[in-house]
Amino acid sequence: MDQKWPIGYTLNEQTYKYRLNQKGLNLNSKQTPNRVDSFWVTIQILSELDKFGIEPSESLYTSLLQQVGMNFKRTFPLKPRAIQYACFRILIDIVNKKFGDYSGALPYQHLDTALKNKKF
C-alpha cells in the first residue's frame, strides 16, 4: 500500500484511494461561480448513462439524490438565486424523464418529492 495515501478500497479488482484534494473544488471555490461545476459534471454523467448501457435503478436514483443534495449545498450560497433555480429546473427534467418510477432511499425522499412536485 502506498505510504503517502494509506487508505485504499478494492472494487472490481481495481484500487481506488480517497484523499482530500487541497486544490479541489470544495476547498477553493467558496462563493465563486465555479461551485456550479459539480452540478454540470453530474448532468454530464446522467446524459451519458445510455451510452454506457446503464439502466436507471432505485440504487442509482438514491446515489443521484445524494449527489443532488451535495450539489445544492455547494450552489446554495451562489447569487443570484436564479442560478440555483436553473440547476433545479434542469434536474426536474432529468428526474422526470429517467427516474419517474423511483423514489430513492428514505433519507433522500424529501429531495425526490421536491423534484417531482417542482417545489423549489
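Above this note sits the structure.
Report on the accompanying structure. Since the model is a prediction, treat every value here as computed from it, not as a measurement.

### A short note on helix α4 (residues 81-98)
In a regular helix each residue adds 1.5 Å, so 18 residues correspond to 26 Å; α4 covers 26 Å between its end C-alpha atoms and thus fits that length. All of the buried residues along α4 are Gln-84, Cys-87, Phe-88, Leu-91, Ile-92, Ile-94 and Val-95. Contacts made by the buried residues of α4 are with α2 (37-47), α3 (58-75) and α5 (109-116).

### Considerations on the pattern of salt bridges
Here the structure, examined in full by the defined rule, presents two salt bridges. The residue Lys-98 makes a salt bridge to Asp-50 at a minimum N-O spacing of 3.6 Å. Of this pair, Lys-98 sits in helix α4 while Asp-50 sits in the loop between α2 and α3, placing them 48 residues apart in sequence. Two residues, Lys-116 and Asp-112, come together in a salt bridge whose shortest N-O distance is 2.7 Å. Pair noted here: Lys-116 and Asp-112 are both in helix α5, with a separation of four residues, about one helical turn. The exposure class of Asp-112 is buried, given its relative accessible area of 8%.

### Digging into the nonpolar core
General note: in soluble globular proteins, nonpolar side chains tend to be found buried as a group. The biggest cluster of nonpolar side chains holds 20 residues, and the ones touching the most others in it are Leu-64, Leu-91 and Leu-115. Among the secondary structure elements, those contributing two or more residues to this core are α2, α3, α4 and α5. When residues in this core are grouped by element, the largest group, six residues, is from α4. Setting aside residues up to four positions removed in sequence, Leu-115 forms contacts with Leu-65, Phe-88, Leu-91, Ile-92 and Val-95.

### Focus: unusual backbone geometry
Of note in this structure, Lys-118 is not a glycine but carries a positive phi near 55°. Summarising the element assignment, Lys-118 is placed in the segment after α5.

### Side note on the packing of α3 against α4
A pair of packed helices is captured by two measures, namely the crossing angle of their axes and the spacing between those axes. Two elements in contact, α3 and α4, have axes separated by 11 Å at closest approach and are oriented at 170°. With respect to α4, the axis of α3 lies roughly antiparallel. Facing Tyr-61, Leu-64, Val-68, Phe-72 and Thr-75 of α3, the residues of α4 in contact are Gln-84, Cys-87, Phe-88, Leu-91 and Val-95. Broken down by class, the residue content of the contact of α3 with α4 amounts to eight nonpolar, two polar and no charged.

Reading the values: rules and limits
- Residues numbered from 1 in each chain as written.
- Predicted model: local features only at pLDDT ≥ 70, side-chain atom pairs only at ≥ 80, totals over all residues.
- Heavy atoms only, no water.
- Helix = DSSP H or I, 4+ residues; strand = E, 2+ residues; numbered from the N terminus.
- Expected span 1.5 Å × (residues − 1).
- Buried < 20%, exposed > 50% of the residue type's maximum accessible area, 1.4 Å probe, protein only.
- Contact = heavy atoms within 4.5 Å.
- Salt bridge = Lys/Arg side-chain N within 4 Å of Asp/Glu carboxyl O.
- Core = buried A, V, L, I, M, F, W, Y, C linked by side-chain atoms within 4.5 Å.
- Axes fitted to C-alpha atoms, helices over the stretch in contact; angles between N-to-C directions.
- Parallel < 35°, antiparallel > 145°, perpendicular 65-115°, else oblique.
- Nonpolar A, V, L, I, M, F, W, Y, C, P; charged D, E, K, R; others polar.

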